[in-house]
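Here's the letter readout for the chains.
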Amino acid sequence: MNVGAPKTAFTNRVIMCGDSGSTRLFKDGLGAAYTMGKAAAKTAVFHGVGKEHFQEDYYPAYRELIVDNRFGKYLFAVTDLIKTSSMMTKGMLAVVNDEQQDAEAPKTLSSILWDMFTGNERYKNIFLRTLDIKVHFALLVKFAKVIAGRHDSTSRRNL
Ligand SMILES: Cc1cc2nc3c(=O)[nH]c(=O)nc-3n(C[C@H](O)[C@H](O)[C@H](O)COP(=O)(O)OP(=O)(O)OC[C@H]3O[C@@H](n4cnc5c(N)ncnc54)[C@H](O)[C@@H]3O)c2cc1C
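Residues numbered from 1 in each chain as written. Predicted model: local features only at pLDDT ≥ 70, side-chain atom pairs only at ≥ 80, totals over all residues. Heavy atoms only, no water.

Asker: Residue-level account of the site of the ligand, with values.
Answerer: Neighbouring the ligand are the residues Cys17, Gly18, Asp19, Asp28, Gly29, Leu30 and Ala33. Contact distances for the ligand include 2.7 Å between an oxygen atom and a backbone N or O atom of Asp19. Protein contacts shield 22% of the accessible area of the ligand, which totals 990 Å² for the unbound molecule. Taken together, the residues that form the shell around the ligand break down as 3 nonpolar, 2 polar and 2 charged. (Near = heavy atom within 4 Å. Polar contact = N/O pair within 3.5 Å; in protein donor to acceptor, adjacent residues only side chain to side chain. Areas by Shrake-Rupley, 256 points an atom, 1.4 Å probe, with all protein chains shown as cover. Nonpolar A, V, L, I, M, F, W, Y, C, P; charged D, E, K, R; others polar.)

Below, the structure written as structure tokens:
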């Protein structure tokens, strides 16, 4: 089981990939092992098996996963925070519900959550979608409605 990428993942004629190298945070360990195995094989076949070959050709792909995991850590911290508050969880689900009810609406938050659950997408790409100001606005409106709904039971149905 991977508990973090080693700083040095290769030397002459030796390379670490899959769970023993850099892998994706919480998701898609098989996909990451495939990606890094392919990068290692490509380096060995087309460039060589020296430390300098791995440094030049394998390391960029290796580091890309490490950097992507930083975005993943941030995203999981935010989703964990939302899960600690029923107000925020309800508000978030209300935004997803709206997106799903309207066939024309962009499914931004729905797709963000889907990709976080499945690991379908790189964390950096998910992060970029979270910057959509419309989603932030929709969430703020729903959070406000949930808070107001605590005092007004009729408004809860119209979240
Ligand atoms: C319970 C569980 C569920 C998972 N579910 C998913 C999932 O749904 N989707 C997903 O993408 N990933 C999943 N993963 C992660 C995924 O299995 C790993 O990320 C992936 O298998 C890593 O591949 P690997 O080749 O690096 O290592 P491994 O698949 O662990 O292969 C290492 C191999 O080396 C062998 N070995 C170890 N020591 C020696 C030795 N001294 N000499 C010779 N051979 C040795 C082992 O027997 C093993 O066959 C799951 C992991 C676990 C533990």
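Now that the structure has been shown, we can carry on.
Asker: Account for the pattern of salt bridges, with residues named and values stated.
Answerer: One pass over the structure, following the stated rule, counts 6 salt bridges. Where Lys42 meets Asp57, a salt bridge forms, and the shortest distance between an N and an O atom there is 3.7 Å. Separated by 15 residues along the polypeptide, Lys42 in helix H1 (residues 29-46) and Asp57 in helix H2 (residues 51-84) bring together distant segments of the chain. Taking relative accessible area as the criterion, Asp57 reaches 22% and is therefore assigned partly exposed. Two residues, Arg129 and Asp115, come together in a salt bridge whose shortest N-O distance is 2.7 Å. One end of the pair, Arg129, is in helix H5 (residues 123-130); the other, Asp115, is in helix H4 (residues 108-118), and 14 residues separate them in sequence. Owing to a relative accessible area of 9%, Asp115 belongs among the buried residues under this scheme. (Salt bridge = Lys/Arg side-chain N within 4 Å of Asp/Glu carboxyl O. Helix = DSSP H or I, 4+ residues; strand = E, 2+ residues; numbered from the N terminus. Buried < 20%, exposed > 50% of the residue type's maximum accessible area, 1.4 Å probe, protein only.)

Asker: Which residues make up the side chain of Lys142, and what values go with them?
Answerer: Looking at the secondary structure, you find Lys142 in helix H6 (residues 133-149). Its relative accessible area of 7% is what places Lys142 among the buried residues.

Asker: Which residues make up the nonpolar core, and what values go with them?
Answerer: Core analysis: the biggest nonpolar cluster contains 12 residues, these being Ile82, Met87, Met88, Met92, Val95, Val96, Leu109, Leu113, Val135, Leu139, Phe143 and Val146. Broken down by secondary-structure element, the contributors of at least two residues to this core are helix H3 (86-101), H4 and H6. The element that contributes the greatest number of residues to this core is H3, accounting for 5 residues. Core analysis: the next-biggest nonpolar cluster, separate from the first, contains 10 residues, Ala9, Phe10, Ala32 and Tyr58 among them. (Core = buried A, V, L, I, M, F, W, Y, C linked by side-chain atoms within 4.5 Å.)

Asker: Could you give an account of unusual backbone geometry, naming the residues involved and the relevant values?
Answerer: One non-glycine residue, Arg13, adopts positive backbone phi at about 65°. Examined against the element boundaries, Arg13 turns out to sit in the loop between strand E1 (10-11) and strand E2 (14-15). The phi dihedral of Phe26 falls on the positive side, at around 65°, and the residue is not glycine. Note that Phe26 resides in the loop between E2 and H1.

Asker: Mind laying out H4, listing which residues take part and the relevant values?
Answerer: Taken together, the buried positions of H4 are Thr108, Leu109, Ser110, Ile112, Leu113, Asp115 and Met116. Here the buried face of H4 lies against H2, H3, H5 and H6. In the segment just after H4, Gly119 is the residue with positive phi, at about 75°. (Contact = heavy atoms within 4.5 Å.)

Asker: Explain the environment of Asp68 to me, and be specific about the residues and the numbers.
Answerer: Note on placement: Asp68 falls in helix H2. It is 25 Å that separates the C-alpha atoms of Asp68 and Leu139, two residues lying 71 residues apart in sequence.

Asker: Can you lay out the layout of surface pockets for me, pointing to particular residues and giving the numbers?
Answerer: Taken as a whole, the largest pocket spans an internal volume of roughly 480 Å³. Forming the boundary of the largest pocket are 22 residues, of which Asn2, Gly4, Ala5, Thr23 and Asn69 lie nearest the centre. Residue contributions to the lining of the largest pocket peak at 7 residues, all from H2. Its residues placed into classes, the lining of the largest pocket shows 8 nonpolar, 6 polar and 8 charged. Where the lining of the second largest pocket is concerned, the elements lending two or more residues are H2, H3, H4, H5 and H6. Classifying every residue of the lining of the second largest pocket by side-chain character gives 16 nonpolar, 3 polar and no charged. (1 Å grid on protein atoms, 1.4 Å probe; cavity = no way out; pocket = protein on both sides within 12 Å on 5 of 7 lines; lining within 4 Å. Points joined across faces, edges and corners; volume = space filled by probe spheres on them.)

Function-wise, these values are silent; they only describe arrangement.
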